[in-house]
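Coordinates in review
If you want the building blocks of each chain, they are given just below.
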Number of protein chains: 2
Amino acid sequence: MGTRERKRREFAEREHRFLDAARDQICQDGLLALQMAKVARSCDYATGTLYQHFASKEDLLVAICAEMAQTRVEFFQRVANWKAPTRDKMFALAVADMLFAHRYPEHFRLSQFVFTEVIWEAASPERRRNTLEVCKPMGLIVHDIVAEAVANGDVQDHGRTPLELSIGQWTMTLGMHNLVHAEGVLDLYELKDPYRMMLTQIQLLLNGLQWRPLFDPFDEPAMSEKINHVCNALFGDMCTAKEQR
Amino acid sequence: MGTRERKRREFAEREHRFLDAARDQICQDGLLALQMAKVARSCDYATGTLYQHFASKEDLLVAICAEMAQTRVEFFQRVANWKAPTRDKMFALAVADMLFAHRYPEHFRLSQFVFTEVIWEAASPERRRNTLEVCKPMGLIVHDIVAEAVANGDVQDHGRTPLELSIGQWTMTLGMHNLVHAEGVLDLYELKDPYRMMLTQIQLLLNGLQWRPLFDPFDEPAMSEKINHVCNALFGDMCTAKEQR
DNA sequence: TCATTTTTTGAATCAGGTTCAATATTTGCA
DNA sequence: TGCAAATATTGAACCTGATTCAAAAAATGA
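No experiment lies behind these values; they were computed from the predicted model shown.

The next thing to look at is the interface of chain B and chain A. Counting residues at the interface gives 55 residues for chain B, matched by 55 residues for chain A. When chain B packs against chain A, close to 5,000 Å² is buried across both sides, 71% of that on carbon and sulfur atoms. Put simply, chain B and chain A have three salt bridges between them. Note that B:Arg160 is salt-bridged to A:Glu220, the shortest N-O span being 2.9 Å. The tally of links between chain B and chain A comes to 15 residue pairs in polar contact (both at pLDDT 80 or more). Elements with a minimum of two residues in the side of chain B that touches chain A: helix 6 (107–114), helix 7 (117–120), helix 8 (125–152), helix 9 (162–181), helix 10 (185–188) and helix 11 (194–208) of chain B. The element best represented in the side of chain B that touches chain A is helix 9 of chain B, accounting for 16 residues. Across the side of chain B that touches chain A, the residue classes break down as 30 nonpolar, 17 polar and eight charged.

Structure follows, in structure tokens:
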């Protein structure tokens, strides 16, 4: 009998509904206002049932983050499958992240919170393990692009591992997601259009690595075209009218 | 009569003691375990008195962060006053941050948490304003170094403002502080010595900007010497045996 | 010295996360 | 199909810890 299997599937579906409901509530009223009882109620279950799925509120938050990260991995995957010069692929990863941030504005806000000691340590070990597992492919995709570039001669490795070479791009992207959500900080210096600046800086970093072919990111039309190229080639389904500004 | 003045000073001193005690507790038992009542008790005051200074627990956290940021500004200030080529000064900012992170390992962990929507929005507006005010000089110092470099011809501005040019360094540094505190993430890829990698990537970014004089960060002995030079020139009082590894 | 103002106190209040005994549902078997 | 055992759901009670505020203490100043 497929009863065992059906049970498992229904349980997973319910978990998914809880995650969705929680995400909605966060988008609606903010992280601050998220309440376990409300999440359960909004799915027509009692509080206790929610605790069948998540060991604690923190555990739920981490789970939401992991689910979204899954989608982010899919964005990365598109880049990985793209037949294009390695340098363009590296750049496309940054574009992918920009689009992801645009599409799921709450993700990096949540992610910043979740990777905080307070939340992370309060989630179940099992959940943490799973979350890292979900995120891992992003690193592997980057690894493979860099390794391919080194093999091609597009970039020199100077005896470093692929991730050592590319960690600057990783941290720069991460840092920008953070800065964007640090209310008031960018305003302090009247900085506009942060992700556009990020993409420029990524290109500069790639130039610093002497990653061929070099590219001049201060050439605005060329930059816009490069961005649009990635959008059209990989994310045509979601960003048509995005980078025209 | 200087009574009014004395009152004010004593109040400020007490606030400082509260902040110190809270910081100690965080270092001791972690952010998670911080309790308002314990902070008050440890300074021999009642809970209510603590609330004379801080509108909420979040407000206290933001205040700790602001106080530490003050010290970070002092690190930046040393760099600002240093008579050295602009490129070395930019690099020195990153070194300063590395040393700061080493000296106050809890700062960036706390900072990540504090700039989270949940905490930031729960602090009093007055506190937020003050915190941004405290942080502002860091941006101004960076601004001035870049402006000087542009004036010198050490770097081209391509029509960008100083902070637009240098935001990559800012985000890269911020991102690395975050990554270092994201428990398990660096391990996932067996990445060691993150701040050393950060400094390498900062140099690559500066090369990408064509910031003169160019420098090869893959030349390990030259890198070490550069780092030691900054330590000795600016932070001799705190990092003698640090970057020898 | 004492009425008034200011400050401190900590027990009471409150919010919301978490638990768990009671209840309902499902399963497996005769 | 009926029924005992196993499993799942429920939500009110519990608990922790932040926050409040009436009462008490201390400072002020005339």
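This part takes up the domain arrangement of chain A. Residue and element names in this part refer to chain A. In terms of domains, chain A is made up of domain 1 (1–53) and domain 2 (57–235). Summed over both sides, the interface between domain 1 and domain 2 buries roughly 1,200 Å², with carbon and sulfur atoms accounting for 70% of that surface. Considering only the side of domain 1, the residues that lose the most area to domain 2 are Leu19, Arg23 and Leu31, jointly responsible for 47% of the buried surface there. One can count two salt bridges joining domain 1 with domain 2. Its salt-bridge partner being Glu15, residue Arg127 comes within 3.9 Å of it at the nearest N-O pair. Run the count over domain 1 and domain 2 and you get three residue pairs in polar contact (both at pLDDT 80 or more). Here the side of domain 1 that touches domain 2 gets eight residues from one element, more than from any other, and that element is helix 1 (residues 3–29).

Now for the packing of aromatic side chains. All names here are of chain A. Inspection of the entire model under this criterion finds 15 aromatic pairs over all chains. Between Phe75 and Phe100 the ring centres are 5.3 Å apart and the planes differ by 85°, which places this aromatic pair in the edge-to-face class. Taken together, the positions of Phe75 in helix 4 (residues 57–81) and Phe100 in helix 5 (residues 86–103) put the pair 25 residues apart, joining distant regions of the chain. The pair formed by Phe75 and Phe100 is uniform in burial state, with each residue classed as buried. Taken together, a centroid distance of 4.9 Å and an interplanar angle of 45° make the contact between Phe100 and Tyr104 tilted. The same class applies to Phe100 as to Tyr104, namely buried. Directly above the ring of Tyr45 sits Arg14, whose terminal nitrogen or CZ lies 4.9 Å from the centroid.

Parameters at a glance
- Positions within a chain are numbered from 1, following the residues in the order the chain's sequence is written.
- Written order decides the labels, with chains lettered from A and ligands numbered from 1.
- Predicted model: local features are reported for residues with pLDDT of at least 70 only, side-chain atom pairs are reported and counted for 80 or more only, and whole-chain, interface and lining totals are derived from all residues.
- As a convention, hydrogens and water are excluded, and side-chain values are obtained from all of the structure's heavy atoms.
- We call two residues contacting when some pair of their heavy atoms lies within 4.5 Å.
- Two parts placed together each lose some accessible area; with a 1.4 Å probe, that loss summed over both constitutes the buried area.
- Any Lys or Arg side-chain nitrogen found within 4 Å of a carboxyl oxygen on Asp or Glu counts as a salt bridge.
- A 3.5 Å cut-off defines polar contacts: any pair of N or O atoms within that distance qualifies, except that in protein one atom must be a possible hydrogen donor and the other a possible acceptor, and neighbouring residues in sequence count only when both atoms are side-chain atoms.
- Going along the chain from the N terminus, every DSSP run of H or I of four or more residues is numbered as a helix, and every run of E of two or more is numbered as a strand.
- Gly counts as polar in this scheme, as do all residues outside two lists: the nonpolar Ala, Val, Leu, Ile, Met, Phe, Trp, Tyr, Cys and Pro, and the charged Asp, Glu, Lys and Arg.
- Segmentation of the chain into domains, including their bounds, is taken from an automatic or database domain assignment.
- Between 30 and 60 degrees the pair is tilted, below 30 it is stacked and above 60 it is edge-to-face, where a pair is any two Phe, Tyr or Trp rings, Trp via its six-membered ring, whose centres lie within 6.5 Å.
- Only protein chains enter the calculation, and the probe is 1.4 Å; a residue is then buried if its accessible area is under 20% of its type maximum, exposed if over 50%, and partly exposed in between.
- Each ring is checked for a lysine NZ or an arginine CZ that lies within 6 Å of its centre and within 35 degrees of its normal; such an atom marks a charge sitting over the ring.

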